[in-house]
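Descriptive analysis of the structure
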Amino acid sequence: MRRLAVVLLLLATATPAQAATPGAGVVSRVGAGKSLFAANCARCHGPRGRGTEDDGPALDDTGALGADFYDRTGYMPLDDPHSQPWRTRVLFSERQIRSLVAYVASLGHGPSIPSPQWRRASIPAGLKLFRDHCAGCHQIVAQGGIATGARVPPLNKSTPRQIAEAVRVGPYLMPRFSPRAITPTQLNDIVAYVQWTKHPDDRGGWAIGHLGPWPEGMVTWLLAASVLVAMCVLIGRRMRS
């Protein structure tokens, strides 16, 4: 009976705060993110992430996914909110990025950060999907290019998670693909193919920067024509001597 009384006493004196301790780190992270947001993002997106009339959009649907993508690629913050985001040096530490992501995620009900399972995905299927949805701007080997009104970045520095995030976010003029338009399995295939393009199997030899078949063919013909002209000149000189 005495042991039972001790157990009941311990249970009665336990406070709810002890059970809530694991969530304290999340709360403090959101608080730190709020300070970082006020100093670096509120000028364009507003003090509560609701956007401003002429500059940045509202962030209530951005979620952790969008915040993680823009912060880890150096796309944000921008000096001019009307300029195109471009991959630059990341200005925040890992801890600061997590804090900012946690705060932006708390502003609404946006999507969470994806975790692409690309290592067992299909590269041929990813090639077809990338050709149909992405190669028109990024080129077939993801080397980037120029589209009307925008620069298209190469994807050689993008991590698998950033590739998956970009598909769902649709940064700048890039279209946003929902899970219905590109399923998670298809997204894994696309990520697998883009990863392959970083170190492709160049069985034909000199890749010439993976510019594509037309420019590579033109370079080949130019080299062949140069060799042919040199041989003609050499033969002509020998015939004169």
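The rules behind each value
- Residues numbered from 1 in each chain as written.
- Predicted model: local features only at pLDDT ≥ 70, side-chain atom pairs only at ≥ 80, totals over all residues.
- Heavy atoms only, no water.
- Helix = DSSP H or I, 4+ residues; strand = E, 2+ residues; numbered from the N terminus.
- Buried < 20%, exposed > 50% of the residue type's maximum accessible area, 1.4 Å probe, protein only.
- Contact = heavy atoms within 4.5 Å.
- Polar contact = N/O pair within 3.5 Å; in protein donor to acceptor, adjacent residues only side chain to side chain.
- Core = buried A, V, L, I, M, F, W, Y, C linked by side-chain atoms within 4.5 Å.
- Axes fitted to C-alpha atoms, helices over the stretch in contact; angles between N-to-C directions.
- Left-handed = near helix turned anticlockwise from the far one by under 90°.
- Nonpolar A, V, L, I, M, F, W, Y, C, P; charged D, E, K, R; others polar.
- Disulfide = S-S within 2.5 Å.
- Phe/Tyr/Trp six-rings, centres within 6.5 Å; stacked < 30°, edge-to-face > 60°.
- Lys NZ or Arg CZ within 6 Å of the ring centre and 35° of its normal.

Looking at where Arg151 falls in the secondary structure, it is placed in strand S2 (residues 150–152). Using a relative accessible area of 44% as the deciding quantity, one classes Arg151 as partly exposed. In contact with Arg151, other than residues within four places in its own chain, are Gln84, Trp86 and Gly145.

Note on helix geometry: an α-helix contains 3.6 residues per turn, so any two residues three or four positions apart are oriented the same way. Counted residue by residue, helix H5 (residues 63–72) has ten buried out of ten residues, so it is predominantly covered. The complete set of buried residues in H5 reads Gly63, Ala64, Leu65, Gly66, Ala67, Asp68, Phe69, Tyr70, Asp71 and Arg72. Looking at the buried side of H5, the elements it contacts are helix H6 (94–105) and helix H9 (160–169).

Of note, Asp68 is situated in helix H5. Separated by 3.4 Å, the side chains of Asp68 and Arg161 make a polar contact. Contacts of Asp68, omitting those with residues within four sequence positions, involve Ile97, Val101, Ile113, Arg161 and Glu165.

Membership of the largest hydrophobic core comes to 20 residues, with the highest contact counts inside it found for Phe130, Ile182, Leu187, Ile190, Val191 and Val194. Broken down by secondary-structure element, the contributors of at least two residues to this core are helix H7 (123–133), H9 and helix H10 (184–197). A total of six residues in this core trace back to one element, the largest contributor, which is H10. Val194 has contacts with Phe130, Leu155 and Ile163, leaving out every residue within four places of it along the chain. Formed by 13 residues, the second largest nonpolar core is a distinct cluster that contains Leu36, Cys41, Ala42 and Ala64.

Bringing the packing of H5 against H6 into the picture now. Between H5 and H6, the least distance of the axes is 8 Å, while the angle of their chain directions is 145°. Crossing of H5 over H6 shows right-handed handedness. Note on element contacts: H6 touches H5 through Glu94, Ile97, Arg98, Leu100, Val101, Val104 and Ala105, opposite Gly63, Ala64, Ala67, Asp68, Asp71 and Arg72. Of the residues belonging to the contact of H5 with H6, the class tally is seven nonpolar, one polar and five charged.

Let's shift gears to the state of the cysteines. Taken as a whole, this structure holds zero disulfides when the rule is applied. Looking at Cys41, it has no disulfide partner, and the nearest cysteine sulfur is the one in Cys44, 8.7 Å off.

To continue, consider the packing of aromatic side chains. Considering all chains together, one arrives at six aromatic pairs under this definition. Between the aromatic rings of Phe69 and Tyr70, the centroid separation amounts to 5.3 Å while the plane-to-plane angle is 80°, which identifies the pairing as edge-to-face. With a relative accessible area of 18%, Tyr70 lands in the buried category. Geometrically, the ring pair formed by Phe130 and Tyr193 is tilted, given 5.4 Å between the ring centres and 50° between the ring planes. On the criterion of sequence distance, the pair formed by Phe130 in helix H7 and Tyr193 in helix H10 is long-range, its members being 63 residues apart. Grouping residues by exposure puts Phe130 and Tyr193 together as buried. In this structure an aromatic cluster arises from ring pairing among Phe69, Tyr70 and Tyr75. Positioned above the aromatic ring of Trp86 is the side chain of Arg151, whose terminal nitrogen or guanidinium carbon lies 4.0 Å from the ring centre.

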